[in-house]
Amino acid sequence: IFRFSNDFTVKKILGNGANGCVFETANKFDQGEYAVKRVAVDAALFMNKYTIIEALKEVEVMKDLYHEGIVKFEDAWIEEPPVGWQVSTNVLANCDINLPLQ
């Protein structure tokens, strides 16, 4: 099951750039509004233990940040979207992600 589309409804694109897209979403279960940042990562990179460790370090730093000008960090997960989803979503969202995609 694809968590992003299973748990969230995309309302609009808040921003995009070389590292990913930020979506304004509504959670289908608690009806809360969340900003979800989707970062495309070449699957081969995540086979490297060092890359996973670095990503998890960033998650730990984000969990500890608190400032009124920073959106509160809630959660992180890794998933492989259905074939073609990443490309079609990038086109619809006008996201500038220049990584190899399936």
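Given the structure is predicted, the values throughout are model-derived calculations rather than measurements.

1. Focus: unusual backbone geometry
And then number 1: Although it is not a glycine, Q31 sits at a positive phi angle of roughly 60°.
And then number 2: Summarising the element assignment, Q31 is placed in the loop between β2 (20-27) and β3 (33-38).
And then number 3: For Q31, a relative accessible area of 58% puts it in the exposed group.

2. Structural notes on the pairing of β2
And then number 1: Summarising burial for β2: 6 of the 8 residues are buried, a large majority.
And then number 2: With 6 bridges joining them, β2 and β3 adopt antiparallel strand pairing. For T25, the partnering residue across the bridge sits in β3 and is Y34.

3. Remarks on the nonpolar core
And then number 1: Of all hydrophobic cores here, the largest spans 6 residues; its members are F2, F4, F8, C21, F23 and V36.
And then number 2: Setting aside residues up to four positions removed in sequence, V36 forms contacts with F4, F8, C21, V22, F23, T25 and W77.

4. Some details on the environment of K28
And then number 1: Along the chain, K28 turns up in the loop between β2 and β3.
And then number 2: On the accessibility criterion, K28 (40% relative accessible area) is partly exposed.
And then number 3: Here the alpha-carbon distance between K28 and T9, two residues 19 residues apart in the chain, equals 6.7 Å.
And then number 4: Every residue in contact with K28, bar those within four places of it in the chain, is listed here: S5, N6, D7, F8 and T9.

5. Topic: the pattern of salt bridges
And then number 1: Considering all chains together, one arrives at 7 salt bridges under this definition.
And then number 2: A salt bridge links R3 to D7, with the shortest nitrogen-to-oxygen separation between them at 3.2 Å. Of the two residues, R3 and D7 are both situated in helix α1 (residues 3-7); the distance of 4 residues between them amounts to about one turn of the helix.
And then number 3: In this structure R3 comes out as partly exposed when scored by relative accessible area, which is 26%.
And then number 4: Residues E24 and K12 are paired through a salt bridge, measuring 3.8 Å at the closest nitrogen-oxygen approach. Placement of the pair is E24 in strand β2 and K12 in strand β1 (residues 8-17), with a sequence separation of 12 residues.
And then number 5: Here K12 falls in the partly exposed class, since its relative accessible area comes to 46%.
And then number 6: When salt bridges that share partners are traced, they join K11, K12, E24 and E33 into one network.

Conventions we followed
Residues numbered from 1 in each chain as written. Predicted model: local features only at pLDDT ≥ 70, side-chain atom pairs only at ≥ 80, totals over all residues. Heavy atoms only, no water. Helix = DSSP H or I, 4+ residues; strand = E, 2+ residues; numbered from the N terminus. Buried < 20%, exposed > 50% of the residue type's maximum accessible area, 1.4 Å probe, protein only. Pairing = 2+ DSSP bridges. Core = buried A, V, L, I, M, F, W, Y, C linked by side-chain atoms within 4.5 Å. Contact = heavy atoms within 4.5 Å. Salt bridge = Lys/Arg side-chain N within 4 Å of Asp/Glu carboxyl O.

Function-wise, these values are silent; they only describe arrangement.
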